[in-house]
Each structure stands twice: as structure tokens, then as C-alpha cells.
Amino acid sequence: MIRSVCLVTALLLMATAGMAQEAHQEILANKFQQGIERIADDLPGVLGVAVVDIDGNRVFGVNESEIFPQGSAIKISILTAMYVRQERGEMDLTRSVPIRKADRVGGSGYLTHFSDGDSALSLHDLAILMITVSDNMATNILIEQTGMDNVNAVMADLGFGDIRLQRRMIRQEQSARGNENIATPTSAAKLMQRILRCDLPISGEACAEMQAILAIRHAGPIQAGTPNGIRVLQKTGSIAGVATSWGVVDLEGRPYALAMMGNYGDTAEINDSIRQITELSHWYFSRLAGATDYGTRVPVKLLERVRN
């Protein structure tokens, strides 16, 4: 009898402690959410944010379901579609295509300086240029090779029908008509989550190759707002009055995906807000990584071993 009472008492104490710690984590989560809202409110313009706690299966954000124009961040959807179509046997990313003067376009990149028809690059290598230096000529070649409708079909198949590639790069007249490449913060962040988890209809080897391209260090507010030594997969974009960034931060013990999109503003100001959100996200998730149920810190690997 005494033993039974002691057991019940112990179980009640454990349950009470667990509820208390959940309350503490909720206080921290509320601070994070409120911080996101403050940054969005302080921006002259409109900011959409989605931050996915991958292990905690929770999404933080503001205006996270609103549709925003994307600039070059939409190029992640092209990259994803390329690898999915290759897995289906519909594309070969090792195939080379000639670099032609007829494909030249303005904006960022290097290919526009190549001579006409004297060289060729594989689709894989064009993808590296598309992501790392946001080469618009490389992107337009890849849109032609992949197919705009095919990109949108792959996004829809993955459950991201509101990520839509609707025009090639640097088409100001189409932009004036309201024809933009679009996405919501939630869909963009969840696509990045699936890329990190290799939750895509492609092989593990292909997923690792795709991740490697996105992880090549290049400028962007997500990279700038994350401490050195942490793997970041990201792509940023901007057009006049708009700035966007999609990414995933592979923080040991607590990875997270995030997408930030701003419009009706100044590009530099929006990028600064995106960097602030990134810094705030690291502040939050670094406190969860390696934290025990009581909020003390231990090495992540030790915590994982004990819990498993």
C-alpha cells in the first residue's frame, strides 16, 4: 500500500514538473512570436514571415499565408523541379547546353559576358550559378530546359500550389502588368524543411547534391544573421520595392526553416528586417538546442543519447 502511494506521488510530481516546463517553453515561444511581430510592425511596408520549428512541429509567423512577389528566391522551386524531373527520367542534369548571345538578359550573373556559342555548361553547373550568384541568364536557360509548367506541376505535387513560377527573369513589362513569380512564407519555409529532411521524391544522393548547391556560401540576410560554423541552405531575392529570403538553418539539436518576404518598401530596409528575424530565430532555437526539460544546457549529443 505504502509503495503504491509513493509511486502515485512520484508520477504526480513528474507530471506537475512536466507541465511547469511546458509553461516555461511557452513563455519563451511567446517572446519569440512577439519579437517577430515587433520587427514586422516596425518595417515601413508589409512583411510576411514563417519560421518552422522542425523538431517541435510548430510554425511561428506574421502574414504567413499572404502571397508575395518573390524575386530570385523563386529559383529554389526551379532547382527542386530539376531534381524531381531527373528522378523521373525526364531530365539529365549532366547534359550540357551552349551559352548563346540570344539568351542574354540583364541583372546579376556572369553568363551574359560569355562569348556567343563558344562554350557550354551542364544543367547542374548552370544551377550552381543560378543559386550562388543568382545568374539570371542561367536561370532563364534552366526555365526553358525544365519547363515553367513543369516547375509549377512539381510544386503542386509537393503540396505547394501557391508557389508559382509565372515569368522568366528580368521581364519588367510583365511585372508592370502584375505577372509575378509568387509564394507564401509558409509554403516556402515548409519546402525548405522538406529539402533539409530529404522529404522529396528523389534519391538520397540527389538530395545531398541539391543541398550542397544551396549550402554554397553566398551573400544573403539569412547567412548574415546566422553565426559562422552553422550550415545554412538559402536563397535571397529582390526586385524594386521587394526583398525575399528562403532558408533552412541546420542548427545541431534544433534545425529550423524560415522564409521572409517584404513588399511596398525599400529593399535595403526589408533585408535588414529579414536579418533581424534571422538573428532572433537563432536566439530562440539556440536556447532550445541541448536544453533539458528544466531548461539547463547539456551537450546535444549527450541529450540525444539519453533520450533515445
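The name given to the protein in an unreviewed UniProt entry is beta-lactamase, with Woeseia oceani as the source organism. Reading the Sequence similarities (unreviewed entry) entry of the UniProt record for the protein gives the comment "Belongs to the class-A beta-lactamase family." According to UniProt, the comment filed for the protein under the heading Catalytic activity (unreviewed entry) is "a beta-lactam + H2O = a substituted beta-amino acid".

Things to note about the side chain of Ser-286
Position of Ser-286 relative to the elements: it lies in helix α10 (residues 267–288). Polar side-chain contacts of Ser-286 include one of 2.7 Å to the backbone oxygen of His-282. Engagement of the side chain of Ser-286 in a polar contact is seen with the backbone oxygen of Trp-283, the distance being 3.2 Å. With near-sequence residues (within four places) excluded, Ser-286 lies in contact with Leu-251 and Arg-297.

A closer look at the packing of aromatic side chains
Going through the model one piece at a time under the given rule, you end up with six aromatic pairs. With a centroid separation of 4.9 Å and an interplanar angle of 75 degrees, the aromatic rings of Tyr-284 and Phe-285 are classed as edge-to-face. Here Tyr-284 and Phe-285 have matching classes, each one buried. Aromatic rings pair up to connect Phe-32, Phe-60, Tyr-256, Tyr-284 and Phe-285 into one cluster.

Let's talk about the layout of surface pockets
Size it by volume and the largest pocket reaches roughly 520 Å³. If you trace the largest pocket, you find 24 residues lining it, with Gln-25, Leu-288, Ala-291, Thr-292 and Arg-307 closest to the centre. Elements represented by at least two residues in the lining of the largest pocket include exactly α1 (2–42), α10 and α11 (300–307). Here the lining of the largest pocket takes six residues from α1, the largest share from any one element. For the lining of the largest pocket, a count of residues per class yields seven nonpolar, nine polar and eight charged.

Remarks on the packing of helix α3 (residues 123–132) against helix α8 (residues 204–215)
Packing of α3 against α8 brings their axes to within 9 Å, and their N-to-C directions diverge by 40 degrees. Contacts from His-124, Ala-127, Ile-128, Ile-131 and Thr-132 in α3 reach Glu-209, Ile-213 and Leu-214 in α8. Its residues assigned to classes, the contact of α3 with α8 shows five nonpolar, two polar and one charged.

Examining the pairing of strand β2 (residues 58–62)
Taken residue by residue, a regular strand's side chains alternate between the two faces of the sheet. In terms of strand pairing, strand β1 (residues 46–53) meets β2 through five bridges, oriented antiparallel. Bridged to Val-49 within β2 is Val-62. The loop that links β1 with its antiparallel partner β2 comprises four residues; one of these, Asn-57, has a positive phi angle of about 55 degrees.

What to know about the environment of Ile-131
With respect to the helices, strands and loops of the structure, Ile-131 is situated in helix α3. Taking the C-alpha atoms as reference, Ile-131 lies 7.7 Å from Ile-76; in sequence the two are 55 residues apart. Ignoring any residue separated from it by four or fewer positions in sequence, one finds Ile-131 in contact with Lys-75, Leu-79, Ile-213, Leu-214, His-218, Gln-234 and Lys-235.

Definitions and limits used
- Residues numbered from 1 in each chain as written.
- Predicted model: local features only at pLDDT ≥ 70, side-chain atom pairs only at ≥ 80, totals over all residues.
- Heavy atoms only, no water.
- UniProt positions renumbered as here; feature names shortened; annotations may be inferred.
- Helix = DSSP H or I, 4+ residues; strand = E, 2+ residues; numbered from the N terminus.
- Polar contact = N/O pair within 3.5 Å; in protein donor to acceptor, adjacent residues only side chain to side chain.
- Contact = heavy atoms within 4.5 Å.
- Phe/Tyr/Trp six-rings, centres within 6.5 Å; stacked < 30°, edge-to-face > 60°.
- Buried < 20%, exposed > 50% of the residue type's maximum accessible area, 1.4 Å probe, protein only.
- 1 Å grid on protein atoms, 1.4 Å probe; cavity = no way out; pocket = protein on both sides within 12 Å on 5 of 7 lines; lining within 4 Å.
- Points joined across faces, edges and corners; volume = space filled by probe spheres on them.
- Nonpolar A, V, L, I, M, F, W, Y, C, P; charged D, E, K, R; others polar.
- Axes fitted to C-alpha atoms, helices over the stretch in contact; angles between N-to-C directions.
- Pairing = 2+ DSSP bridges.

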